[in-house]
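# Structural features, examined
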Amino acid sequence: MVVIGIFMVLPMMILVVFSFLEADPYGGVEPVFSLEAYIQILYEIDFDDTVVFNPIYLNIIARSVGLALVATFGCLILGFPVAYFITRQSPRNQNMLLYLITLPFWTNLLIRTYSWILILAKNGVVEQPLLALGIIDDSLGMMYTNGAIAIGLIYTYLPLMVLPIYASLEKLDFRLVEAAHDLYAGRLKVMREIIVPLAMPGIIAGCILVFVPSLGAFIAPDLLGGGKKLMLGSLIQLQFSSSRNWPFGSAIAVCLLALVMISLTIQARSAGKRRAMEG
Amino acid sequence: MAEARSNALSVCNVVKVFGSGPGAVTALNDVSVNIEANEFFTLLGPSGCGKTTLLRLTAGFEQPTGGEIFLFGEEIENLPPHHRPVNTVFQHYALFPHMTVTENIGFGLKMLKWNASDIQARVSETLALVKMEAFATRKPAQMSGGQQQRIALARALAPRPKVLLLDEPLSALDLKLRQAMRQELKTLQRETGITFIFVTHDQEEALTMSDRIAVMSEGQIQQIGAPLDIYERPLNRFVADFIGDTNFITARIAAISGSKATCTAGGGLSFSTPMVGEHSKGDTVTLALRPEKIKLKAATARAKGSATIANATYLGTDTTYEIALTRDVMVTARDQNIAAGMGRFNAGDRVSLEFAAGSARMLTD
Ligand SMILES: Nc1ncnc2c1ncn2[C@@H]1O[C@H](COP(=O)(O)OP(=O)(O)OP(=O)(O)O)[C@@H](O)[C@H]1O
Ligand SMILES: [Mg+2]
């Protein structure tokens with residue numbers, strides 16, 4: 001208990017406390033209570049102390065949530081068929097494929113994201129053959145867009161979607177699929193009526209595992225978005241490094257935490273309701 | 001295949017091999033059977049003889065390794081399971097765990113695009129049939145094995161398929177319920193005109209419900225016939241042994257006249273049986289004689305053809321006696337306990353044996 005307390009709660013407490021303090025311009029905090037950090041998220045405080053509504057951070061929050069949703073959806077669309085495919089292989093091949101899926105996770109994320117720059121860049125791996133074949137005659141301008149960030153996020157978090165879905169599909173009794181076929185359900189109907197509902201716990205777990213870290217991601221936005229398309233993660237990171245506004249960084253982190261907790265609560269509620277229904 | 005056309009199901013020389021190489025299992029070995037429309041047909045056989053495999057081939061979950069299957073005269077090799085007018089009651093139930101009983105039973109109808117009110121009506125009707133009205137809103141996990149089995153039955157019945165495959169559908173029910181369900185199923189089958197292909201281990205079930213029975217063993221059909229045929233006229237040792245109790249008596253053909261033979265066995269017994277197979281006078285054959293066909297009479301120790309009772313076992317309705325015909329030939333006789341008490345004889349009593357002509361059967365092996 002004590003260990004959990006020290007490792008889990010203490011850093012959080014510090015974060016929350018910092019968010020209510022005043023910033024030291026040289027980094028760190030001054031021990032003076034202030035709500036300024038939170039006000040700063042929505043309003044700009046001019047030099048003459050007038051408070052003006054400032055949507056810039058709200059935009060960043062909205063973009064973060066939007067991109068995280070796109071990444072989650074993208075991972076789901078790609079991850080579900082992959083997970084399903086893996087469960088239909090022989091046990092030996094299943095282990096091999098799972099190993100391959102998790103392999104990138106053990107190498108440095110920075111380096112893997114850099115390689116996406118090579119792929120998406122002007123005259124990069126994608127564009128060169130298209131240019132050479134004359135299919136396009138100008139750069140597609142894929143880098144430094146929301147699309148590039150989304151691709152980076154999907155790539156990064158895909159294994160976190162595949163693994164929980166695999167785990168729940170693997171438990172699925174294939175004889176239920178036979179029973180559904182027997183009762184006149186074609187392939188699509190079986191997928192919709194039997195496989196997806198029974199894999200739902202895995203799908204939800206995968207979505208949370210992708211959505212939450214996507215919200216706070218900063219490597220993909222920095223490298224593939226060129227730092228122009230800020231996301232929450234990059235914004236927080238900025239406050240602790242170059243901007244030296246620790247309270248503001250903490251305040252955004254607390255907001256992020258709140259967003260995550262709200263989505264987790266909604267999920268837990270609906271899961272609880274479903275469990276109650278299933279008995 | 002003119003004959004195949006009038007049948008609900010025609011299985012022609014079907015072979016099913018699982019796996020390949022040295023580990024291959026031959027589940028069905030050249031099985032041929034014709035099942036008529038509106039027939040209550042039972043597959044009876046010990047565990048692992050291929051009953052479920054034959055049903056799975058019919059439902060379309062497996063493809064035969066060899067041979068052909070016709071459903072109402074139509075070759076069905078390329079017809080996927082969801083296009084076959086066949087429903088299955090699975091041995092392992094296979095109820096959908098995320099659906100209520102009502103949704104489970106309505107599933108087939110929903111897939112057939114019935115409208116909601118018709119589905120509702122049919123589901124209630126079917127629930128009533130299996131006496132499970134009170135469970136409509138339960139999930140499978142909230143029911144006992146026997147209750148789940150009845151829902152599995154209801155789910156397969158609801159769409160009124162042309163052919164219903166039942167894989168041991170009553171095995172999890174208690175005796176009373178099983179007997180009641182036998183009646184219900186039989187009535188239902190007669191009323192709906194659905195062809196039933198019924199799998200069971202239980203010979204009593206097979207004998208009481210079926211129009212015809214196929215006795216299977218090790219991937220092959222040993223005999224097909226009406227219950228009476230199977231019980232009274234078993235073809236071979238396996239069938240005679242698997243269904244009911246039988247005395248196997250080694251006998252010698254003493255005389256042949258037309259299609260009848262007179263056989264003699266140790267202890268001075270003599271039987272008149274129909275000839276089976278290619279035998280001639282003097283050959284040794286195996287005869288099957290049901291214990292209840294033997295009539296016992298008290299005899300004096302010296303009487304010709306009498307024997308000593310070695311053992312008596314009281315079974316409630318009857319008593320069985322093991323009788324030593326000679327030093328090493330024993331037969332079992334079954335005698336109904338008509339009078340009150342333990343049975344008419346005791347171990348050590350001398351009895352003489354009588355049996356009606358034709359009660360012993362010559363077997364092919
Ligand atoms: N998918 C499979 N792979 C390999 N062997 C199989 C497979 N399915 C069945 N078998 C084998 O085929 C044989 C027949 O099996 P089947 O399930 O048809 O038996 P059954 O008559 O239904 O037995 P039971 O009464 O125990 O249900 C068995 O020896 C079994 O081990
Ligand atoms: Mg079986």
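### Regarding the interface of chain A and chain B
Across the contact, 19 residues belong to chain A and 29 residues belong to chain B. Among the residues chain A hides against chain B, the three largest losses belong to Asp-182, Leu-183 and Tyr-184 of chain A. Together they make up 36% of the total. At the junction of chain A with chain B, the criterion picks out 2 salt bridges. Between Arg-56 of chain B and Glu-178 of chain A there is a salt bridge; the shortest N-O distance is 2.7 Å. At the boundary of chain A with chain B, the tally comes to 7 residue pairs in polar contact (both at pLDDT 80 or more). Mapped by element, the contributors of at least two residues to the side of chain A that touches chain B are helix H8 (174–182), helix H9 (187–215) and helix H12 (246–278) of chain A. Among the elements that line the side of chain A that touches chain B, the one with the most residues is H8 of chain A, at 7 residues.

### Observations concerning the pairing of strand S10 (residues 220–225) of chain B
Residue and element names in this part refer to chain B. In this structure, strand S9 (residues 212–217) lies alongside S10, joined through 5 bridges in antiparallel fashion. By the bridge assignment, Met-216 is partnered in S10 with Ile-221. Here S9 hands over to S10 after 2 residues, with Glu-218 in that stretch at a positive phi of 45 degrees.

### Focus on the sheet that holds S10 of chain B
Residue and element names in this part refer to chain B. Across the sheet, which stays open at both edges, the 6 strands sit in the order S6-S7-S8-S3-S9-S10 with mixed pairing between neighbours. Only two strands of the sheet have a single partner each, and these edge strands are strand S6 (86–89) and S10. Each neighbouring strand pair of the sheet contributes to a mean axis angle of 15 degrees, computed without reference to strand direction. Where strand S7 (residues 163–167) meets strand S8 (residues 195–200), 5 bridges bridge the pair, whose relative direction is parallel. Opposite Leu-166, over in S8, you have Phe-198 as the bridge partner. Set on the sheet, helix H5 (residues 145–157) makes contact with S6, S7 and S8; between it and S6 the angle comes to about 180 degrees. Here helix H6 (residues 175–192) sits on the sheet and contacts strand S3 (40–44), S7 and S8; the angle it forms with S8, its principal contact strand, is near 155 degrees.

### Focus on the site of ligand 1
Residue and element names in this part refer to chain B. Taken together, 13 residues form the shell around ligand 1, and within it Ser-47, Gly-48, Lys-51, Thr-52 and Thr-53 come nearest. In the environment of ligand 1, an oxygen atom lies 2.8 Å from a nitrogen or oxygen atom belonging to the backbone of Gly-48. Between Gly-50 and ligand 1, the recorded distance is 3.0 Å, taken from a backbone N or O atom to an oxygen atom. For ligand 1, whose unbound accessible area comes to 640 Å², protein coverage reaches 63%. At the level of secondary structure, the elements contributing two or more residues to the shell around ligand 1 comprise strand S2 (25–36) and helix H2 (51–59).

### Describing the packing of helix H3 (residues 101–111) of chain B against H5 of chain B
The angle between the axes and the distance between the axes are what describe a pair of packed helices. Residues and elements named next belong to chain B. Two elements in contact, H3 and H5, have axes separated by 7 Å at closest approach and are oriented at 30 degrees. One finds that H3 runs roughly parallel with respect to H5. Here H3 and H5 pass one another in a crossing that is right-handed. Each of Val-101, Asn-104 and Ile-105 in H3 lies in contact with H5, whose residues at this interface are Ile-151, Ala-154 and Arg-155. Broken down by class, the residue content of the contact of H3 with H5 amounts to 4 nonpolar, 1 polar and 1 charged.

Thresholds, definitions, all that
- Residues numbered from 1 in each chain as written.
- Chains lettered and ligands numbered in written order.
- Predicted model: local features only at pLDDT ≥ 70, side-chain atom pairs only at ≥ 80, totals over all residues.
- Heavy atoms only, no water.
- Contact = heavy atoms within 4.5 Å.
- Buried area = accessible area lost by both parts, 1.4 Å probe.
- Salt bridge = Lys/Arg side-chain N within 4 Å of Asp/Glu carboxyl O.
- Polar contact = N/O pair within 3.5 Å; in protein donor to acceptor, adjacent residues only side chain to side chain.
- Helix = DSSP H or I, 4+ residues; strand = E, 2+ residues; numbered from the N terminus.
- Pairing = 2+ DSSP bridges.
- Axes fitted to C-alpha atoms, helices over the stretch in contact; angles between N-to-C directions.
- Near = heavy atom within 4 Å.
- Areas by Shrake-Rupley, 256 points an atom, 1.4 Å probe, with all protein chains shown as cover.
- Parallel < 35°, antiparallel > 145°, perpendicular 65-115°, else oblique.
- Left-handed = near helix turned anticlockwise from the far one by under 90°.
- Nonpolar A, V, L, I, M, F, W, Y, C, P; charged D, E, K, R; others polar.

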